[in-house]
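This is what each chain is made of:
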Amino acid sequence: MSRLERRTVKPIITPQATAKLSIKPEDLAKLPPGAKFENKQGNATATAKVAPDGTIEITANCDSLVLLVENLETEVYRLQKENKALVTNINKKETVELSGWQHFQIKGFWVCITIIAIYLTYKRIKRKWQKKN
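Structure report, in brief. Nothing here was measured: the structure is a model prediction, and the numbers come from that model.

Counting secondary structure elements, the chain contains three helices and five strands. Going from the N terminus to the C terminus, the chain shows its helices and strands as β-α-β-β-β-β-α-α. For the chain, the proportion of its 133 residues judged to be buried stands at 8%. In the form shown here, the chain has an accessible surface area of approximately 12,300 Å², with 59% of it arising from carbon and sulfur atoms.

Take the sheet that holds strand β4 (residues 56–62) next. Across the sheet, three strands lie side by side as β2-β3-β4; this open sheet has antiparallel pairing. With one partner strand each, in any of the chains shown, β2 (36–41) and β4 form the two edges of the open sheet. Sheet twist, expressed as the mean angle between neighbouring strand axes with direction ignored, is 5 degrees. Pairing geometry for strand β3 (residues 44–50) and β4, over seven bridges, is antiparallel. Across the sheet, residue Thr47 finds its bridge partner in β4, namely Thr59.

A separate point is the side chain of Thr47. With respect to the helices, strands and loops of the structure, Thr47 is situated in strand β3. Residue classification places Thr47 among the buried positions, given a relative accessible area of 11%. Polar contacts involving the side chain of Thr47 include one to the side chain of Glu38, which spans 3.4 Å. Excluding its chain neighbours within four sequence positions, the residues that come into contact with Thr47 are Leu21, Lys36, Phe37, Glu38, Glu57, Ile58 and Thr59.

This part covers the environment of Pro15. Inspection of the secondary structure assignment puts Pro15 in the loop between β1 (2–13) and α1 (25–29). Residue Pro15 is classed as exposed on the basis of its relative accessible area, which comes to 68%. Taking the C-alpha atoms as reference, Pro15 lies 9.6 Å from Gly42; in sequence the two are 27 residues apart.

A separate point is the pattern of salt bridges. On inspection of all chains with the given rule, the structure shows one salt bridge. Between Glu38 and Lys36 there is a salt bridge, with the nearest N and O atoms lying 3.5 Å from each other. With a relative accessible area of 45%, Glu38 lands in the partly exposed category. Judged by relative accessible area, Lys36 falls into the partly exposed class, the value being 49%.

Among the surface-exposed residues, Lys123, Arg124, Lys126, Arg127, Lys128, Lys131 and Lys132 lie close enough to one another that they form a single positively charged patch. Within the secondary structure, Arg127 is located in helix α3 (residues 100–132).

Cut-offs and rules
- Residues numbered from 1 in each chain as written.
- Predicted model: local features only at pLDDT ≥ 70, side-chain atom pairs only at ≥ 80, totals over all residues.
- Heavy atoms only, no water.
- Helix = DSSP H or I, 4+ residues; strand = E, 2+ residues; numbered from the N terminus.
- Buried < 20%, exposed > 50% of the residue type's maximum accessible area, 1.4 Å probe, protein only.
- Areas by Shrake-Rupley, 256 points an atom, 1.4 Å probe, with all protein chains shown as cover.
- Pairing = 2+ DSSP bridges.
- Axes fitted to C-alpha atoms, helices over the stretch in contact; angles between N-to-C directions.
- Polar contact = N/O pair within 3.5 Å; in protein donor to acceptor, adjacent residues only side chain to side chain.
- Contact = heavy atoms within 4.5 Å.
- Salt bridge = Lys/Arg side-chain N within 4 Å of Asp/Glu carboxyl O.
- Patch = residues over 30% accessible without salt bridge, like charges linked within 9 Å, V, L, I, M, F, W, Y side chains within 5 Å.
- Lys, Arg positive; Asp, Glu negative; His and termini not counted.
- Charge placed at Lys NZ, Arg CZ, Asp CG, Glu CD.

Printed below as a string of structure tokens:
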């Protein structure tokens, strides 16, 4: 049995995601220290917060995903095994036994051919003898 395996790896990149955060500056200034505004859309996240020292921190990130899709194709060939079986059957001579009726037909055919040949030979010889006399 033969096998053929094909492996293909195809990278699939997830589409870009955007998280939009719209905040008025006066609303951001009213935030107490440690509080934050956050928006998440798909893989993207946008965050605005006030740090304990009073500074405003704005962070945005997007997890990029690359999926590797692996495709495995396997073909199994039984051809060699089947081919060997066929060659074995061809090489094996099959003996066929004839039935009694088939033997009778074959022998009867040869007896009829022999009788016809003898009869035609007899007629030919008889004509030659009659022409001479």
